[in-house]
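Overview (structure and organization)
The lines below spell out each chain.
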Amino acid sequence: MHILLIASAFNSLTQRVHVELREHGHTVAVEIVGDDDRLRAAVSHHEPDLLVAPMLKSAIPEDIWTARTCLVVHPGPVGDRGPSSLDWAIHEGATRWGVTVLQADAEMDAGDVWATETLAVAPVGKSDLYRNEVADAATKALLSAVERFASGTYRPTVQRDLLAARGPHVRPYFGQELRRVDWDRDTTETVLCALRSADSQPGVLDELLGAEWYLHGGHPERELRGRPGELLATRADAVCRATVDGAVWLPELRPRRRLGEPATFKLPAVTALGGLLPDLPEHPAPGYPSVADEDWSDIRYREQGGAGFLSFSFPGGAMSTAQCRRLLDAYRAACSRPTSVLLLGGIRDFFSNGIHLNVIEAAADPGEESWANILAMNDLVEAVLLTTDRLVVSAVGGNAAAGGAMFALAADEVWCRTGAVLNPHYRLMGLYGSEYWTYTLPRRVGREAAERLMNQAWPVGAAAGRRMGLVDRLVACRPRQFRAETARMAVRLASSPSVEGRIAAKKAERERQQAAKPLAAYRVEELAQMRRTFFDPDAPYHGLRAAFVRKFRSDGTPEHLAGAGPGTRVIMGGPVVGGVAEVSDACYQRG
């Protein structure tokens, strides 16, 4: 079938649906909904067999849903209605939730039901849950609904028939009055619940050091204590704040926007507070490899058998200059250990999205900070490429984009969860790209495919990535199982009789490649292009970065998404949002 995806943004779920529908043989066009007339024109142009709305904040016009079947993905169980479904699920402590695919109708979320799936609610932030458990359930339900529609014989269930006994549960918008933290009364768990339900948008509005901030993300602290609401320490650019029975780490803050001022954006907490921050002690996480699961750290190292595991979790997958340098230090420490396999990543969410555009945008000189950040990313990737005394594996449990995708590809093997989406490109942020992509990408997929991936700017699903060579092994498991499953695989690889031979062969191949063309040559060529862009005030990169960071709405559908029409066959694979993977991960739907 030919399917038209309509969405408010090409966010993570829309990308996931895009790649899964293509994987199942459908042709897919995309319309980023701006206004009703533009949507009508897109429907007329594409003449789709079916409309699918994975993430839509506005209502579909009646003349469209009465003329064509429109399937809307709602992140709630049958009968749940309203724009803040996941916020309420986390706030109320739900352990099971659902996703419903329903037909667009006059009343929001009240249409006939085509499919539904249940999911376990992991104790994570809303955006993490949305990208993982919710996306898995939504994809499964939507593929079932599309198959039922294609059969021509299936009749969806009238929702009121399913709700005869209890009726719908209509939930209001989850506003800031429901999120507010009372530091003098709230326990650590209460504070964390509020932070999880607001992550990554809209954040929890709070007052700190005489100013208003949105708090984003949160992690418990086991040892530090203080007067409720007091700032106690810093760690990895996060601040620790006392609760009535403990403390929480706050990794990111966003200043409240004042009337007439430009849109604000999230920054590492210490960076955001700047001169307002009092002189606080740095309270580093325990050193490697002794970081326990109970202690929050954005970088961890552990060992099992002959395998080492270096995990890292940076908000939004973005990696600032400082974060890259700290991760490089941890990588070098891990390489000093007597292991034969080193696994990078292995967590359930983002692997990496490359350079930190928010930190760059906030810098006094964005060009200089861009340059420092790309050099730090390159140093990290270079260290991986030059490691010849062990096998390095990238375990990609969540999405990866731009330089973060190239960071993953620097490893000897890439193990990817089947639900992950890759965006191996830079074009849509106006960048040529670096991180040794001109070396790693053609070696994996060939020069022609590498050029297509860079220029086409479409997302690549894990299965398509496996076929083209971006991925070496698919890991079919639930998000919460990814860490344990990849650990088992790594330990088995480390104990394999062939591992020493593979390490020797890898070393010989690296020496051969170095003789043919040194890695330094690739770096010089790529950075020459990047430097021109970073220090050219008229380069599109600067405007694209500002628009991305401040979440300016684009005027219509981006050109790289607008071209697929009836009969258009899409080559499997290709990237999608330059610099970082998600344009928006708003966790509510309207349709």
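Further up the page is the structure itself.
Criteria and cut-off values
- Along each chain, numbering runs from 1 in the same order as the chain's sequence is written.
- In view of the model being predicted, local features appear only for residues whose pLDDT reaches at least 70, and side-chain atom pairs are presented and counted only at 80 or more, with totals across whole chains, interfaces and linings using the full set of residues.
- Hydrogen atoms and water are omitted, and side-chain values are computed over all heavy atoms in the structure.
- Here a pair means two rings of Phe, Tyr or Trp (six-membered ring of Trp) with centres within 6.5 Å. Their orientation is stacked below 30 degrees between planes, edge-to-face above 60, and tilted elsewhere.
- Helix and strand definitions follow DSSP, with helices as H or I runs of at least four residues and strands as E runs of at least two, each counted in order from the N terminus.
- Residue burial is assigned from relative accessible area. The probe radius is 1.4 Å, only protein chains are included, and a residue is buried under 20% of its type maximum, exposed over 50%, and partly exposed in between.
- Geometrically, a lysine NZ or arginine CZ counts as sitting over a ring once it is within 6 Å of the ring centre and also within 35 degrees of the ring normal.
- Pairing between strands is defined by DSSP: at least two bridges between them are needed.
- Every axis corresponds to a line fitted to the C-alpha atoms, with the helix fit spanning only the stretch in contact, and the corresponding angles, defined between N-to-C directions, vary from 0 to 180 degrees.
- What makes two residues a contact is simply this: any of their non-hydrogen atoms within 4.5 Å.
- Under this scheme an angle from 65 to 115 degrees is roughly perpendicular, one under 35 degrees roughly parallel, and one over 145 degrees roughly antiparallel; angles in between are oblique.
- Should the near helix be turned anticlockwise from the far one by less than a right angle, the crossing is left-handed, and should it be turned clockwise, the crossing is right-handed.
- Under the scheme applied here, ten amino acids are nonpolar (Ala, Val, Leu, Ile, Met, Phe, Trp, Tyr, Cys and Pro), four are charged (Asp, Glu, Lys and Arg), and all others, including Gly, are polar.
- Definition of nonpolar core: a set of buried residues of the types Ala, Val, Leu, Ile, Met, Phe, Trp, Tyr and Cys, connected through side-chain atoms within 4.5 Å.
- The term salt bridge refers to a pairing of a side-chain nitrogen on Lys or Arg with a carboxyl oxygen on Asp or Glu at a separation within 4 Å.
- Between the first and last residue of a helix there are one fewer steps than residues, each counted as 1.5 Å, and that sum is the expected span.
- The reported arc concerns the directions from the helix axis to the C-beta atoms and nothing else.

Counted by the stated rule, this structure contains 12 aromatic pairs. For the ring pair Trp-88 and Phe-174, a centre distance of 4.7 Å and an interplane angle of 80° mean the geometry is edge-to-face. Taken together, the positions of Trp-88 in helix α4 (residues 85–91) and Phe-174 in the loop between β8 (169–170) and α7 (176–179) put the pair 86 residues apart, joining distant regions of the chain. The pair Trp-88 / Phe-174 is uniform in exposure class, with both members buried. Judged by centre distance (5.3 Å) and plane angle (70°), the rings of Phe-312 and Phe-351 are edge-to-face. With Phe-312 in strand β18 (residues 307–312) and Phe-351 in the loop between β19 (341–345) and α11 (357–362), this residue pair connects regions lying 39 residues apart in the sequence. Owing to a relative accessible area of 3%, Phe-312 belongs among the buried residues under this scheme. Feature note: the residues Phe-312, Phe-314, Phe-351 and Phe-407 constitute an aromatic cluster, connected by ring pairs. Sitting over the face of the ring of Trp-415, Arg-473 holds its NZ or CZ atom 5.5 Å from the ring centroid. Positioned above the aromatic ring of Tyr-522, the side-chain terminus of Lys-517 is 4.1 Å from the ring centre.

Our focus in this paragraph is the sheet that holds strand β3 (residues 50–53). Spatial ordering of the open sheet is given by β2-β1-β3-β4-β6-β7, a layout of 6 strands whose pairing is mixed. The sheet is open, and its two borders are formed by β2 (27–32) and β7 (113–120), each paired with just one other strand. The sheet shows a mean angle of 20° between the axes of neighbouring strands, taken without regard to direction. As paired strands, β3 and strand β4 (residues 70–74) are joined by 3 bridges and run parallel to one another. Bridged to Ala-53 within β4 is Val-72. Helix α1 (residues 12–23) rests against β1 (2–7), β2, β3 and β4 of the sheet, and its axis sits at about 175° to β1. Here helix α5 (residues 126–151) sits on the sheet in contact with β1, β3, β4, β6 (96–103) and β7, set at roughly 155° to β7.

Of note, Gln-513 is situated in helix α18 (residues 499–516). If sequence neighbours within four positions are ignored, Gln-513 has contacts with Tyr-439, Arg-443 and Pro-518.

A cis amide bond links Asp-199 with the next residue in sequence, Ser-200, at an omega value of -5°. When you line up the elements, Ser-200 lands in the loop between α8 (188–197) and β9 (204–208). Cis geometry is found at the peptide bond from Gln-201 to Pro-202, where omega equals 5°. Mapped onto the elements, Pro-202 comes out in the loop between α8 and β9. Residues other than glycine seldom take positive phi values, yet Ala-402 does so here, at roughly 50°. Within the fold, Ala-402 resides in helix α13 (residues 402–409). For Ala-402, a relative accessible area of 2% corresponds to the buried category.

Where α1 meets α5, the closest approach of the two axes is 10 Å, and the angle between their N-to-C directions is 40°. Between α1 and α5, the crossing angle belongs to the class labelled oblique. Where α1 crosses over α5, the handedness of that crossing is right-handed. Across the interface between the two elements, Ser-12, Leu-13, Arg-16, Val-17, Glu-20 and Leu-21 from α1 touch Tyr-130, Arg-131, Ala-135, Asp-136, Ala-138, Thr-139, Leu-142, Leu-143 and Val-146 from α5. Partitioning the contact of α1 with α5 into residue classes produces 9 nonpolar, 2 polar and 4 charged.

Next up on the list: the nonpolar core. The biggest cluster of nonpolar side chains holds 93 residues, and the ones touching the most others in it are Leu-310, Leu-327, Tyr-331, Leu-344, Phe-407, Leu-441 and Leu-470. Residue contacts for Phe-407: discarding those within four places in its chain leaves Phe-312, Met-319, Leu-327, Leu-344, Phe-351, Ser-352, Met-377, Leu-380, Val-381, Val-384 and Ser-394. Residues Val-17, Leu-50, Met-55 and Ala-137 belong to the second largest nonpolar core, which totals 42 residues.

Let us now look at the pattern of salt bridges. Applying the stated criterion across every chain, the model contains 37 salt bridges. In this structure, Arg-222 engages Asp-295 in a salt bridge whose closest nitrogen and oxygen atoms are separated by 3.0 Å. Here the residue Arg-222 occupies a position in the loop between β11 (219–221) and β12 (231–235), and Asp-295 occupies one in the loop between α9 (269–273) and β17 (299–304), the gap between them amounting to 73 residues. According to the relative accessible area criterion, Arg-222 is partly exposed, its value standing at 43%. Its salt-bridge partner being Glu-509, residue Arg-512 comes within 2.9 Å of it at the nearest N-O pair. Of this pair, Arg-512 and Glu-509 both sit in helix α18, 3 residues apart, which is roughly one turn of the helix.

So, on to the environment of Ala-7. Among the structural elements, Ala-7 can be located in strand β1. Ala-7 gets classed as buried once you look at its relative accessible area, which sits at 0%. Taking the C-alpha atoms as reference points, Ala-7 and Leu-56, 49 residues apart in sequence, are found 4.9 Å from one another. Not counting residues up to four positions away in its chain, the partners in contact with Ala-7 are Thr-14, Glu-31, Ile-32, Val-33, Met-55 and Leu-56.

The next subject is the pairing of strand β15 (residues 252–255). Bridge count between strand β10 (residues 211–216) and β15: 4 bridges; the pairing is antiparallel. In the strand pairing of β15, Trp-213 is matched with Pro-255. Relative to strand β16 (residues 267–268), β15 runs antiparallel, the two sharing 2 bridges. Residue pairing across strands places Leu-253 opposite Leu-267, the latter belonging to β16.

In this model helix α17 (residues 482–494) runs 18 Å from its N-terminal to its C-terminal C-alpha over 13 residues, within 8% of the 18 Å that 1.5 Å per residue would give. Listing the buried residues of α17 in full gives Phe-482, Thr-486, Ala-487, Met-489, Ala-490, Leu-493 and Ala-494. End-on view of α17: buried residues confined to an arc of 165°, all on one side of the axis.

A separate point is the pairing of strand β14 (residues 247–250). Burial of β14 is two-sided: the residues Ala-247 and Trp-249 facing one way and the residues Val-248 and Leu-250 facing the other way are all buried. Here β11 pairs with β14 via 3 bridges, running antiparallel. Within the sheet, the bridge partner assigned to Pro-220 lies in β14 and is Val-248. The sheet contact formed by strand β13 (residues 238–242) and β14 spans 4 bridges and is antiparallel. Bridged to Arg-241 within β14 is Val-248. Hairpin connection between β13 and β14: a loop of 4 residues separates the two successive antiparallel strands.

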